[in-house]
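# Structural description and commentary
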Amino acid sequence: MSAPPAALPTVEIATDGACKGNPGPGGWGAVLRAGVSEKELSGFDPATTNNRMELTAAIEALSALTRPARVTLMTDSRYVMDGIEKWVAGWQRNGWRTADRKPVRNADLWRALIAAAAPHRVTWRWVKGHAGHPMNERADALANAAIARARQTERSPA
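Figured I'd write up the structure that's included with this text. Here the structure is a predicted model, which means the values were calculated and not measured.

Counting residues in hydrophobic clusters, the biggest one holds 32 residues, and the most contacted among them are Ile-13, Leu-62, Leu-65, Val-71, Trp-110, Leu-113 and Trp-124. No other element matches the seven residues that helix α1 (residues 50-63) contributes to this core. If we ignore the near neighbours within four places in the chain, the residues touching Leu-113 are Leu-55, Ala-58, Ile-59, Leu-62, Ile-84 and Trp-124. Counting seven residues, the second largest nonpolar core, distinct from the first, contains Ala-14, Val-31, Ala-139 and Leu-142.

What follows is the structure in structure tokens.
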């Protein structure tokens, strides 16, 4: 008889994307918490949209996990929430086309999000942005700081 599988570790993740102009320079941020351990992630894209940064934050956060986990992923993006919970199954059935047969926007990132989430048991949770949720506020600050850092780097002489 083999031993029962070990319980999956529990991880909380808050993600956010930001864009200065839409499209424009964008950033993403994520806060990961497992017990008392925390990790912050962020990144930048010089020409993007807010929706792409929201998706990228979730992809990068899930991809940073080194083993399968029970994840609660918090986002303030209705686009991410509705996409993952309501729309993506239909898009997949329709060959990545919308109900009106147009190509799905950001299909590359939706596919990457599905792949990043696959090893985990993800519970998707919407939180109201800019409403004082501590982890969401930190993710927002990380996304905006990533834009500021990138802009500073662009202005710095070589």
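Scanning all chains against the criterion turns up five aromatic pairs. Both rings, one in Trp-91 and one in Trp-110, keep their centres 5.4 Å apart while their planes meet at 65°; by these two values the pair is edge-to-face. With Trp-91 in helix α2 (residues 78-93) and Trp-110 in helix α3 (residues 107-117), this residue pair connects regions lying 19 residues apart in the sequence. You'll find Trp-91 and Trp-110 in the same group, each marked buried.

It is worth spelling out the pairing of strand β3 (residues 37-48) at this point. The side chains of a regular strand alternate between the sheet's two faces. As defined by bridge partners, strand β2 (residues 24-34) adjoins β3 across ten bridges and the pair is classed as antiparallel. Residue pairing in the sheet places Gly-29 in a bridge with Ser-42 of β3. Counted along the chain from β2 to the antiparallel partner β3, the turn is two residues long, and its residue Gly-35 has a positive phi close to 65°.

Taken as a whole, the largest pocket spans an internal volume of roughly 260 Å³. Val-11, Leu-32, Ala-34, Leu-65 and Thr-66 are the residues nearest the centre of the largest pocket, which is lined by 13 residues in total. Only β2 and β3 provide two or more residues apiece to the lining of the largest pocket. Residue composition of the lining of the largest pocket, grouped by class: seven nonpolar, two polar and four charged.

Parameters and conventions
- Residues numbered from 1 in each chain as written.
- Predicted model: local features only at pLDDT ≥ 70, side-chain atom pairs only at ≥ 80, totals over all residues.
- Heavy atoms only, no water.
- Core = buried A, V, L, I, M, F, W, Y, C linked by side-chain atoms within 4.5 Å.
- Buried < 20%, exposed > 50% of the residue type's maximum accessible area, 1.4 Å probe, protein only.
- Helix = DSSP H or I, 4+ residues; strand = E, 2+ residues; numbered from the N terminus.
- Contact = heavy atoms within 4.5 Å.
- Phe/Tyr/Trp six-rings, centres within 6.5 Å; stacked < 30°, edge-to-face > 60°.
- Pairing = 2+ DSSP bridges.
- 1 Å grid on protein atoms, 1.4 Å probe; cavity = no way out; pocket = protein on both sides within 12 Å on 5 of 7 lines; lining within 4 Å.
- Points joined across faces, edges and corners; volume = space filled by probe spheres on them.
- Nonpolar A, V, L, I, M, F, W, Y, C, P; charged D, E, K, R; others polar.

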